[in-house]
2 protein chains.
Amino acid sequence: MLPAEVYHHAVIVMRMKPGDQFEIVAADKKVTVMQLERVTDHAATARVCKKLEHTVELPLQVTIACGLSKKDKADWIVQKATELGAQHFVFFAGDYSIVKWDKNKQGKKLTRLNKIIKGASEQAHRVMVPTVSYFENIKKIPLEKYSEKMVAYEEAAKEGETAVLAQLVSRLKKQKETIAKQHLIAVFGPEGGISPAEVQYLRDNDFLLTGLGPRIMRAETAPMYLLSALSFSLELS
Amino acid sequence: MLPAEVYHHAVIVMRMKPGDQFEIVAADKKVTVMQLERVTDHAATARVCKKLEHTVELPLQVTIACGLSKKDKADWIVQKATELGAQHFVFFAGDYSIVKWDKNKQGKKLTRLNKIIKGASEQAHRVMVPTVSYFENIKKIPLEKYSEKMVAYEEAAKEGETAVLAQLVSRLKKQKETIAKQHLIAVFGPEGGISPAEVQYLRDNDFLLTGLGPRIMRAETAPMYLLSALSFSLELS
């Protein structure tokens, strides 16, 4: 017998018929494929078709926080980073951002981003749909909930800094039991980069200054690098 | 005294004056910043300003071979993958590709891609500019020069295959001395994927069927994932 809220969603909202399949997501984010059997006016039964052994979500929560760049870069970032497993997005007007979202624009922009995120989540078979929010400057981003904080720092890359990200990843890998409770925020500057004042603010708030390899990447490419590196290290290695 | 061809390029072609700086790339791909000192009609001297200790090129050669997808996906792939360190691009009309480049189009398309690659190389401070070529189908791609061959295979990802890429990377990491001689080709299907016949052909040619994590990525995202994972593992870890 299906729980009342599952019955309601499957039979009333989604209008499923006996034989139709649906997916349920358990607390550990693992997916079970179910098939509807008998349906009456007030109840339904379903059988388990298949339990998927792997989860499609990254083992820790990752928030990608990006300075605003011009054109459709935000669209692009949320689409690709959703495919790559980010769970939350934050956009902020950076000191070097040449665009801002004024009060009138914000709602429209966020609606658009949420729509792109939803599409990308379906494409990537995500079980959770990432969230997105906007802040007027970097200092407005609430930081209490993050257990790990980093900023992608081009100057570190230029100086050949290679160890910080590897150390962060190796620390995460050791936390097998508790990694699901970890939440990493990774800050990326807008085109034009992150200002010295912003770097100082992040430093003061215990952010790791992290190089992402020896090549200088565009603002929108760096989050993809980070998410891919996290996935490879934590999901495939 | 500068070698004749460096003199020619710096003084005659680039019209440099004493005090101007230029970069030279040694056989090990490391960069030395030089400053022009005395210039005469037939010769010039320069002094070493700075030897950059790290190389900006991936330690092995990587060819990204992609089935053709519609719209401007090829533009996008070469731009981002150049930032991420790919050295060669191959595009091919896959069995499931819904576009092809006919004879008339090929030259124009390749010119456009070369221009994007050049821009991205400068952006990323690359010391070599990646090449690009086109083949009418997957079987026309010459395979002799590759020491490692892999195909990104979505079915492997769906089944939870997690080991093949990690094994490939760990094999590469062990080849510290000889890694510069290694050349990996990574094949990615077009939108719509790689056909069973293509998979069989690649299998017969010793390609590794490689999963890229549990999330299904768009055709253009998968090469970014691979290059980021290679960079993180081989350059930062």
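Before reading further, recall that the structure is shown in the block above.
Remember, it's a predicted structure, so these values are computed and weren't measured experimentally.

## Things to note about the overall build of chain A
Helix and strand counts for chain A come out as seven helices and nine strands. Each principal axis of the C-alpha atoms in chain A carries an extent, and together these give about 65 × 45 × 30 Å. Relative to its 237 residues, chain A shows a buried fraction of 52%. Of the contacts formed within chain A by residues at least 6 apart in sequence, a portion of 72% connects residues at least 24 apart. Accessible surface, chain A: about 11,700 Å² in total, of which carbon and sulfur atoms supply 53%. For chain A, the distance from the average site of its 34 positive side-chain charges to the average site of its 28 negative ones is 3 Å.

## Describing the sheet that holds strand β1 (residues 21-25) of chain B
Residue and element names in this part refer to chain B. Strand order in the open sheet formed by three strands is β1-β2-β3, and the pairing between neighbours is antiparallel. Whereas interior strands pair on both sides, the edge strands pair on one side only; in this sheet they are β1 and β3 (44-51). Going across the sheet, the axis of each strand differs from the next one's by a mean of 40 degrees, ignoring polarity. Bridging between strand β2 (residues 31-39) and β3 involves six bridges; their strand directions are antiparallel. Considered in β3, the bridge of Gln35 is made with Arg47.

## Things to note about the relation of the copies chain B and chain A
Relating one copy of the chain to the other takes a rotation about an axis and a shift parallel to that axis. The operation relating chain B to chain A is a screw motion whose rotation component is 179 degrees, with 0.0 Å of axial translation and a residual RMSD of 0.2 Å. Overall, the copies show the geometry of a two-fold rotation axis. Nearest to the rotation axis, the C-alpha of Ala229 of chain B is located 2.5 Å from it, this being the minimum over chain B. Here 100% of the interface residues in chain B have copies in chain A that are interface residues too; the copies meet face to matching face.

## Description of the packing of helix α7 (residues 222-236) of chain A against helix α7 (residues 222-236) of chain B
Two elements in contact, α7 of chain A and α7 of chain B, have axes separated by 8 Å at closest approach and are oriented at 75 degrees. If you check the angle between α7 of chain A and α7 of chain B, you find them roughly perpendicular. Each of Met224, Tyr225, Ser228, Ala229, Ser231, Phe232, Ser233 and Leu236 of chain A in α7 of chain A lies in contact with α7 of chain B, whose residues at this interface are Met224, Tyr225, Ser228, Ala229, Ser231, Phe232, Ser233 and Leu236 of chain B. Its residues placed into classes, the contact of α7 of chain A with α7 of chain B shows ten nonpolar, six polar and no charged.

## So, the packing of helix α5 (residues 164-173) of chain B against α7 of chain B
Residues and elements named next belong to chain B. For the pair α5 and α7, interaxial distance at closest approach is 10 Å and the crossing angle is 40 degrees. When the axes of α5 and α7 are compared, the pair comes out oblique. Every pair of crossing elements has a handedness; the one defined by α5 and α7 is right-handed. Note on element contacts: α7 touches α5 through Tyr225, Leu226, Leu230, Ser233 and Leu234, opposite Leu165, Val169, Leu172 and Lys173. Class assignment for the residues of the contact of α5 with α7 results in seven nonpolar, one polar and one charged.

## Some details on a nonpolar patch on the surface
All names here are of chain A. Together, Ile12, Val13 and Met14 make up an exposed nonpolar region whose accessible area comes to about 270 Å². Here Ile12 shows up in helix α1 (residues 4-13). With a relative accessible area of 43%, Ile12 lands in the partly exposed category.

Procedures and definitions
- Residues numbered from 1 in each chain as written.
- Chains lettered and ligands numbered in written order.
- Predicted model: local features only at pLDDT ≥ 70, side-chain atom pairs only at ≥ 80, totals over all residues.
- Heavy atoms only, no water.
- Helix = DSSP H or I, 4+ residues; strand = E, 2+ residues; numbered from the N terminus.
- Buried < 20%, exposed > 50% of the residue type's maximum accessible area, 1.4 Å probe, protein only.
- Contact = heavy atoms within 4.5 Å.
- Areas by Shrake-Rupley, 256 points an atom, 1.4 Å probe, with all protein chains shown as cover.
- Lys, Arg positive; Asp, Glu negative; His and termini not counted.
- Charge placed at Lys NZ, Arg CZ, Asp CG, Glu CD.
- Pairing = 2+ DSSP bridges.
- Axes fitted to C-alpha atoms, helices over the stretch in contact; angles between N-to-C directions.
- Least-squares fit on C-alpha atoms with pLDDT ≥ 70 in both.
- Parallel < 35°, antiparallel > 145°, perpendicular 65-115°, else oblique.
- Nonpolar A, V, L, I, M, F, W, Y, C, P; charged D, E, K, R; others polar.
- Left-handed = near helix turned anticlockwise from the far one by under 90°.
- Patch = residues over 30% accessible without salt bridge, like charges linked within 9 Å, V, L, I, M, F, W, Y side chains within 5 Å.
- Salt bridge = Lys/Arg side-chain N within 4 Å of Asp/Glu carboxyl O.

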